[in-house]
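So you can see what is in the structure, the chains are spelled out below.
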Amino acid sequence: MNITDFGINNITDKQLNFQYDKFYKEMGLKYKKTKKTENNLINKEKIKKLNELLNNVDININYLKYDFINMLKSKDSSKYLWILYSKYENGENYIDKISNTLKQENTIIRGGINTYKLNGWMAHSLYVYQIVNYNIAYNIELVNFNGNKENIEQVKELHHIYNKLSEKSKFLLKIFTLIHDIGVIEDVKFHDKLGSKYVESVLSEIGINEENITFNLKDFIKILKEIIKYHTLITSLSSESSDLYVENEYKKLLAQIPNIDYIKRELPKILLLLAYGDVIAVDESLMDIEKYKRIKDCYNFFEQITKGEKTERNKEQVAIERICDIVGEHKIERLTSQFDYILNKYDIKKNQFVEDMYNIKLMRYTAPLMKTLNDTELTVRILYELFELIGNFEEKQALKDYTIIFVPDKHENDFVEQFRNNNFFECIKQMKTKKDDEFVYKNVNIIKGINSDGKYLHIKII
């Protein structure tokens, strides 16, 4: 079969239905297993394989740009996007040729737990796009889960949620998934907040205009700016963010998007579907039963707020879930059974610690650090001591206003060393005694202050 569409000519069934998600995962795993100095060899191998696969495909770039939005509206849009990303001419793939913003995004590479981003960030974004707009949209199994029954059921459940969306929201979701991470071109750490700056330019590059969308263009741009700004919020509940903080931020989002009833009503579904794809497209191992439950909990949390209902959750359960998420514990029951033992071991009053854990507004860069530490007991002790430090300066209720940041300008192992050699705990002890807003003990520097985002506690390794 020979397919000609959207300026992409001579595509065969084999090329259209090639498992690009599986291919880019395999390449990501290769990057992980080899030294950085060998990355160029892997790049050459990758491009050679893709050139062999897509050698006969001919792309009319001018017609492609003209018809790009119609391509996105098609059922096979995720497959076409993978082909454009995988087809090279003069060192550029065709996503690069369409959008300079997306080209810049693809120059950003991240390792660690990330698998797809090792290919270039756009591999992650295109996989998110595929998961939401193909696998979920048509209830099609994700091949990289290798027949996992839980994932099959998750996709099926999300498919039913997707089908409740209006056609306008489904189109919005396509653009949202494609461009949700554009802020990484400026700063990965704050890419959600920064992404809104680049919405208008990227929409212009991919050819969005009043004629080819059913939205008012001004409203469409505003909605995208706001949902990109808040797209990580749904994964932060029962994690590094407090219930109160997430609720307030979500209410800000509702207040800032245009007053379009069906968008506000369907917003929790849009954020849920994006979040599901966003987690998996880092690495499939992150989407276990507990992670799915937490994302669904936040979706229900948003639904309650959207409907004007009161949100109320069990504080002890939330505290345990936040610790589990931070340390990477996949079995909540395991920590639940050990919780009292850990608190008693360090003479920590349970009710107060649960209250503090529930109330702390934000914790930044805590998860990658504590996963590296790989010690749940020590993590509990570290958090307890930080809460007590804040309580030493003011009432514990102030935790609702505090962001704790482990400043990520040193490797996680440098922090781990200071935890294990007791310098971190000695620094806190002496800071309490001195009552100074900034204190240094050996290699540990702790700073208490306030800025435009509120009160903070910075922990630095110097």
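Fair warning: this is a prediction, and the values are worked out from it, not measured in the lab.

A word on helix 17 (residues 315-327)
Next, step 1: Under the 1.5 Å per step criterion, the end-to-end length of helix 17 is 18 Å for 13 residues, consistent within 8% with the ideal 18 Å.
Next, step 2: Of all 13 residues making up helix 17, 10 are buried, and the element is well covered by its neighbours.
Next, step 3: Those residues of helix 17 that sit buried are Val318, Ala319, Ile320, Glu321, Arg322, Ile323, Cys324, Asp325, Ile326 and Val327.
Next, step 4: Capping the start of helix 17 is the job of one residue whose side-chain oxygen sits 3.1 Å from the backbone nitrogen of Glu316: Asn314.
Next, step 5: Gly328 sits one or two positions beyond helix 17 and adopts a positive phi of about 80°.

Describing helix 19 (residues 350-359)
Next, step 1: Residues of helix 19 that are buried include every one of Phe353, Val354, Asp356, Met357, Tyr358 and Asn359, and no others.
Next, step 2: In this fold, the buried residues of helix 19 make contact with helix 14 (243-256), helix 17, helix 18 (332-345), strand 6 (362-364) and helix 21 (376-393).

Describing unusual backbone geometry
Next, step 1: Here Asn90, not a glycine, exhibits a phi torsion of approximately 55°, which is positive.
Next, step 2: Assignment of secondary structure puts Asn90 in the loop between strand 4 (88-89) and strand 5 (92-93).
Next, step 3: We classify Asn90 as exposed; its relative accessible area is 77%.
Next, step 4: A positive phi angle, close to 60°, is found at Tyr365, a residue other than glycine.
Next, step 5: Relative to the helices and strands, Tyr365 is located in the loop between strand 6 and helix 20 (366-373).
Next, step 6: In this structure Tyr365 comes out as buried when scored by relative accessible area, which is 19%.

What counts, and at which threshold
- Residues numbered from 1 in each chain as written.
- Predicted model: local features only at pLDDT ≥ 70, side-chain atom pairs only at ≥ 80, totals over all residues.
- Heavy atoms only, no water.
- Helix = DSSP H or I, 4+ residues; strand = E, 2+ residues; numbered from the N terminus.
- Expected span 1.5 Å × (residues − 1).
- Buried < 20%, exposed > 50% of the residue type's maximum accessible area, 1.4 Å probe, protein only.
- Polar contact = N/O pair within 3.5 Å; in protein donor to acceptor, adjacent residues only side chain to side chain.
- Contact = heavy atoms within 4.5 Å.

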